[in-house]
Amino acid sequence: MATPNAPMDNFSWLPQELESVALRLARADECSFDIGAVASKWSSDGPLGFEQVRRGDEVQTFLKSVKPVPPVVALLFSEAVNHLRAAIDNVIWYLVEREHGQLSGFKATLVNMPIHESLEAFDKWTKRRVKEEITVFGPDAPLGRRLRILQPYVDLQSDVPSMSETLAAIVGHKVEYAQPLRLLQAYSNEDKHRAIRVAAARTFSSTDRIPLAEQNLYHQELKVGDPMGPPAPWGQVSILETNTALMIERPAPFAAWVNPVNDLSAMRRHVSQVVVPVLLTGLQMPNGLPPQIDLGDSGLSNRERLTAASWDDAHTRLMSVVWERYHEAMSRGVQFTPVVECTDADEEPQDGTS
């Protein structure tokens, strides 16, 4: 796929009938930002509660509570996925009806964005539509050719990593790669049939009782009652550090736990910079559609909103928010965990103080 040398920021390539597509993509970016803002506040406020249990000359810290994740996170993620998928379908419908006029009945059910992982499956999809005389999907038609080059089995360079290679090397975890259209399809299907597992907390923790190189540095699920590190001698200061994040489990056929903002931002960029412009022009456009558009009561037309838009996406705008929350959390200093005492391993613990 070719890429223009200069940004096409006059949006002349975007038909007026599809200006709403740009607004959908901007709303998806807005949802990403809101998720990041809610998640960072939830994390920096300290969602974990701890308790120390003393038995004789040793004391051990256990997880006592986990603050529930705000339900709005899952709802925002679902909304963003819906806008991304609908934006693509809006473009497909526009191009089909421009060629064939308004479709109804069985033919209308055949109008959608194909996402296939093999040439055989895509060819089968194409032949069925050509048989019904929707020739715009034909292998020699411009739209048919553009659909082909967007398929996951052709596009092998747009994969979205589950985490950075650098972080993976630090925590000793394997990076999972997902083609963005295939990933969007998985999220969309999961959202329609089940609840996306976005409201799940996973925690990185470390203690000064064990060398850092010997600790499990990967974010993992914790349950109430889990021990947080090994026992420590009573009377000695032991430091426990935790970082709890909202993460999402990618739906099958994927399996990685990821930052929801990262996956949403990657999918939005792909739809905005690759899918939509390729369908309309045959070209990728890294500066095709801006991520941040005023969607409020500004009195501007859609085209004026596009012209006045900002190119800073949710991921960029969140950096200052996250750093502010981080400094707030660090300024709170050390917190001492309540202690309960057990005189014997079989006895019920009794409230005490350290």
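Predicted model only: the values in this text are computed from it and were never measured.

Cut-off values and rules
Each residue is numbered by its place in its chain's sequence as written, counting from 1. Given that the model is predicted, a residue must reach a pLDDT of at least 70 before its local features are reported, and side-chain atom pairs must reach 80 or more before they are shown or counted; all residues, however, enter totals for whole chains, interfaces and linings. Side-chain measures were taken over the full set of non-hydrogen atoms in the model, leaving aside hydrogen atoms and water. Here is the rule: rings of Phe, Tyr and Trp (six-membered ring for Trp) pair when centre to centre is within 6.5 Å. Planes less than 30 degrees apart are stacked, more than 60 are edge-to-face, and the remainder are tilted. Runs of E in the DSSP output that reach at least two residues are strands. Runs of H or I that reach at least four are helices, and both are numbered from the N terminus. Remark: exposure states derive from per-residue accessible area (1.4 Å probe, protein chains only) relative to the maximum for the residue type, with buried under 20%, exposed over 50%, and partly exposed in between. What counts as an axis is a line fitted to C-alpha atoms, over the stretch in contact for a helix, and the angles between N-to-C directions run from 0 to 180 degrees. For classification purposes, an angle smaller than 35 degrees is called roughly parallel, one larger than 145 roughly antiparallel, one from 65 to 115 roughly perpendicular, and anything else oblique. Throughout, a residue-residue contact means that at least one pair of heavy atoms, one from each residue, lies within 4.5 Å. Gly is placed with the polar residues, together with every amino acid not listed as nonpolar (Ala, Val, Leu, Ile, Met, Phe, Trp, Tyr, Cys and Pro) or charged (Asp, Glu, Lys and Arg). The term salt bridge refers to a side-chain nitrogen of Lys or Arg lying within 4 Å of a carboxyl oxygen of Asp or Glu. Summary of the metric used: pLDDT quantifies the predictor's per-residue confidence within the range 0 to 100. Buried Ala, Val, Leu, Ile, Met, Phe, Trp, Tyr and Cys residues form a nonpolar core when they are joined through side-chain atoms within 4.5 Å. At least two DSSP bridges between two strands are required for those strands to pair. Grid points spaced at 1 Å over the protein atoms alone were grouped into cavities, where a 1.4 Å probe fits but cannot get out, and pockets, open sets with protein on both sides within 12 Å along at least five of seven lines, with lining residues defined by an atom within 4 Å of a point. Grid points are joined across faces, edges and corners, and a volume is the space filled by probe spheres set on the points.

## Description of the packing of aromatic side chains
By convention here, two paired aromatic rings are described through the distance between centres and the angle between planes.
In step 1: Applying the stated criterion to the full structure yields three aromatic pairs.
In step 2: Arranged with centres 5.0 Å apart and planes meeting at 70°, the rings of F77 and Y187 form a pair that is edge-to-face. Taken together, the residues F77 in helix α2 (residues 72-100) and Y187 in helix α7 (residues 180-193) connect sequence positions 110 residues apart. In this pair, the class of F77 matches that of Y187, namely buried.
In step 3: Aromatic pair F122 and W125: ring centres 6.1 Å apart, planes at 15°, arrangement stacked. Taken together, the residues span about one helical turn, with F122 and W125 both in helix α4 (residues 119-131) at a distance of three residues. Each member of the pair F122 and W125 is classed as buried.
In step 4: Pairwise contacts between aromatic rings join F122, W125 and F137 into one cluster.

## Here we look at the packing of α2 against helix α8 (residues 260-281)
In step 1: Orientation of α2 relative to α8, taken along the N-to-C sense of each, is 5°, at an axis distance of 11 Å. Here α2 lies roughly parallel to α8, going by the angle between them. Side by side, α2 and α8 meet where F77, A80, V81, L84, I88, V91, I92, Y94 and L95 of the first sit next to P260, L264, M267, R268, V271, V275, V276, L279 and L280 of the second.
In step 2: Residue classes in the contact of α2 with α8 are distributed as 17 nonpolar, no polar and one charged.

## Here we look at the pattern of salt bridges
In step 1: Counted by the stated rule, this structure contains 14 salt bridges.
In step 2: Taking the shortest distance from any N to any O, the salt bridge between R268 and D29 comes out at 3.4 Å. Residue R268 is found in helix α8, and its partner D29 is found in helix α1 (residues 19-44); the two are separated by 239 residues along the sequence.
In step 3: Classification of D29 by relative accessible area gives buried; the value is 1%.
In step 4: One salt bridge in this structure joins E341 and R54, with 4.0 Å as the shortest N-O distance. Note that E341 is positioned in strand β9 (residues 339-342) and R54 in strand β1 (residues 48-55), a separation of 287 residues in sequence.
In step 5: Judged by its relative accessible area of 30%, E341 falls in the partly exposed class.
In step 6: Salt bridges linked by common partners bring D29, R268, R269, D313 and R317 together as one network.

## Some details on the confidence of the model for the protein
In step 1: Of all residues in the protein, 84% attain a pLDDT of 70 or more, and the chain-wide mean is 85.
In step 2: Here strand β10 (residues 350-352) stands out as the element of the protein with the lowest mean pLDDT, 49, in contrast to helix α5 (residues 142-150), whose mean of 98 is the highest.
In step 3: Confidence drops under pLDDT 50 across residues 1-8; counting only partners more than four residues distant or on other chains, this segment forms 17 contacts.

## Focus: the nonpolar core
In step 1: Counting 71 residues, the largest nonpolar core has I92, F137 and L279 as the members making the most contacts within it.
In step 2: Put simply, the parts of the chain that give this core at least two residues each are α1, α2, α4, α5, α7, β7 (240-249), α8 and α10 (314-331).
In step 3: At 13 residues, the largest contribution of residues to this core is made by α2.
In step 4: With residues near it in sequence (within four places) discarded, L279 still touches I88, V91, I92, L95, L143, R146, L147 and L150.

## Focus: the pairing of strand β2 (residues 58-66)
Every regular strand shows the same layout, with side chains that alternate between the two sheet faces.
In step 1: Across eight bridges, the pairing between β1 and β2 is antiparallel. Paired with V53 across the bridge in β2 is Q60.
In step 2: Between the end of β1 and the start of β2, which pair antiparallel, lie two residues, with G56 showing a positive phi angle near 65°.
In step 3: Sheet analysis places β2 next to strand β6 (residues 232-233), joined by two bridges and oriented antiparallel. By the bridge assignment for β6, V59 is matched with A232.

## Looking at the layout of surface pockets
In step 1: In this structure, the second largest pocket occupies an estimated 330 Å³ of space.
In step 2: Along the wall of the second largest pocket there are 17 residues; nearest its centre are D155, S158, H270, V274 and Q284.
In step 3: Looking at the lining of the second largest pocket, the elements with two or more residues in it are β3 (160-161) and α8.
In step 4: The dominant element in the lining of the second largest pocket, judged by the number of residues it contributes, is α8, at five residues.

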